[in-house]
Amino acid sequence: NVQNPITARSVLIELTGHVFGQPAGYPDETNNSSYLSDGEESARKTTMDFMTDRDVQKYREDGYVVLDGLLSSQECDELRQRMSDIVERMDVPDHCRTTFSTYHDEQLKTQGNADYFITSGDKIRFFFEKGVFDDKGEFIVPKQRSLNKVGHALHAYEPLYRDVTRSAKVQGIAKKLGLVSPVILQSMYIFKQPGIGGEVTPHQDATFLYTEPLGRVLGLWIALEDATVNNGCLWFIPGSHMSGISRRMVRTPKGTFPLTDFVGREQTYDDEKFVAAPVKKGGAVLIHGEVVHRSAPNTSEDSRHVYTFHLMEALNTRWSPENWLQPTEELPFPPLYTK
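Source: prediction; values computed, not measured.

A. Seen up close, helix α2 (residues 53-62). The set of residues buried in α2 consists of D55, V56, Y59 and D62. Down the axis of α2, the smallest arc covering the buried residues is 155 degrees, so these residues share one side. Residues of α2 that are exposed and point more than 90 degrees away from the buried face comprise D53 and R54. Of the surrounding secondary structure, the elements contacted by the buried residues of α2 are β2 (64-67), α8 (168-176), β8 (217-223) and β13 (284-288). Within two residues after α2, G63 carries a phi angle of roughly 90 degrees, on the positive side.

B. Main features of the pattern of salt bridges. As enumerated under the stated definition, the model contains nine salt bridges in all. In this structure, D62 and K58 form a salt bridge, with 2.6 Å as the shortest nitrogen-oxygen distance. Residue D62 and its partner K58 are both found in helix α2; the two are separated by four residues, about one turn of the helix. Judged by relative accessible area, D62 falls into the buried class, the value being 18%. Taking relative accessible area as the criterion, K58 reaches 30% and is therefore assigned partly exposed. E322 is the partner of R248 in a salt bridge, and the nearest nitrogen-oxygen pair spans 3.4 Å. Of this pair, R248 sits in strand β10 (residues 247-251) while E322 sits in the segment after β16 (318-319), and the two are 74 residues apart along the sequence. With respect to burial, R248 and E322 carry one shared label: buried.

C. Quick peek at the pairing of β10. Counting buried positions along β10 gives four out of five residues, so the element sits mostly inside the fold. Pairing between β10 and strand β11 (residues 260-264): five bridges, direction antiparallel. Counted as the bridge partner of M249 is F262 from β11.

D. Layout of the confidence of the model for the protein. Per-residue pLDDT for the protein averages 84, and the proportion of residues at 70 or more is 79%. Here residues 1-38 is modelled with pLDDT under 50, and outside its nearest four sequence neighbours on either side it reaches 74 contacts, counting other chains as well.

E. Representation of the sheet that holds strand β6 (residues 200-203) within the structure. The strand order β6-β14-β9-β12 describes an open sheet built from four strands, whose pairing is antiparallel. The outermost strands of the open sheet, each flanked by one partner alone, are β6 and β12 (275-277). Within this sheet the neighbouring strands show an average axis-to-axis angle of 25 degrees, counted without direction. Where strand β9 (residues 234-236) meets β12, three bridges bridge the pair, whose relative direction is antiparallel.

F. View of the packing of aromatic side chains. A full pass over the atoms with the stated rule returns 14 aromatic pairs. The ring of Y64 has K58 lying over it, and the distance from NZ or CZ to the ring centre is 4.6 Å. Between R248 and the ring centre of Y210, over which it is positioned, the NZ or CZ distance is 4.0 Å.

G. Main features of α8. Buried within α8 are the following residues: K169, V170, Q171, G172, I173 and A174. Looking one or two residues beyond α8, the residue adopting positive phi is G178, at roughly 85 degrees.

H. Expanded view of the sheet that holds strand β5 (residues 182-190). The antiparallel open sheet is built from seven strands, whose spatial order is β2-β13-β8-β15-β5-β4-β3. For this open sheet the edge positions go to β2 and β3 (124-128), each flanked by a neighbour on one side alone. Across the sheet, the mean angle from the axis of one strand to that of its neighbour is 20 degrees, orientation sign disregarded. Pairing analysis gives four bridges linking β2 to β13, with the strands arranged antiparallel. Looking across to β13, one finds that Y64 is bridged to I287. Each of β3, β4 (147-152), β5 and β8 is contacted by helix α3 (residues 73-89), which is oriented at about 70 degrees to β5, the strand it contacts most. On the sheet, α8 packs against β2, β5, β8, β13 and β15 (306-313) and is oriented at approximately 145 degrees with respect to β8.

Conventions adopted
Residues numbered from 1 in each chain as written. Predicted model: local features only at pLDDT ≥ 70, side-chain atom pairs only at ≥ 80, totals over all residues. Heavy atoms only, no water. Buried < 20%, exposed > 50% of the residue type's maximum accessible area, 1.4 Å probe, protein only. Helix = DSSP H or I, 4+ residues; strand = E, 2+ residues; numbered from the N terminus. Arc of directions from axis to C-beta. Contact = heavy atoms within 4.5 Å. Salt bridge = Lys/Arg side-chain N within 4 Å of Asp/Glu carboxyl O. Pairing = 2+ DSSP bridges. pLDDT = per-residue confidence, 0-100. Axes fitted to C-alpha atoms, helices over the stretch in contact; angles between N-to-C directions. Phe/Tyr/Trp six-rings, centres within 6.5 Å; stacked < 30°, edge-to-face > 60°. Lys NZ or Arg CZ within 6 Å of the ring centre and 35° of its normal.

And the structure:
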């Protein structure tokens, strides 16, 4: 097993009034279903039983699980249309045309060095694929095809995305996993553009979203169109969430450059250990914060649009002040459960 050599100064996330029992909006589990109409009973089962005991077991053993049917096809189309509208109206300053990458050294130059990135946790900002601008900063591809992702606070400011993030099904998943006081850390819309959608190299989300103890962060990755081996679905090493982490992205001391640095290095992983996780439109992947995963470049003619967000169990959890992402006065990490 890989030992985690990393310790960090941490801050306790204080969440007064955000420890919930049964969240509002859930049917009372004591209700006798014989008194419910067919439609009401179907809705109750959809909410309370969406994630099965077998799904929970697979998630705990493998570090991920595919859940079909989180969203309807119509809901997926509505999210895509809303993002199309957002992109059509975006006005990106030249100095903010930052190329996003997951390669170690490029992360330091493109993400960490950019104040645009490190202050995006409570905003909606735009991150582009490589090679979409000419040397004068003008688009050389259609605007809708230029983006790698939009992040990181869609869940806070966009009603459609907020409703999906805090839906009864998502709350049901959190309850099924036993989360007492989950909060929403961040959200992203990832495009994986046809032909140019970049590779995401093997990584663990806890590298970027570090907690003490570990094991308190999980991601929900929702396919807004079919995610296939051809257009860049996720690949996982089952069981790799059991071995801690070997690398962290941390903020550097104030007034120094780059704004972030890496402590430790990503391990080298055996390609043969990765297992593909294709997802049908409307399905989702539940991702443990320490499971190793990656995706290949999208060399197909099909896009692979995804809405994804991260949750943290805040009860008895310390969120590191060295993480790039920090709660702000404008946007503290909001509770998942609704009253």
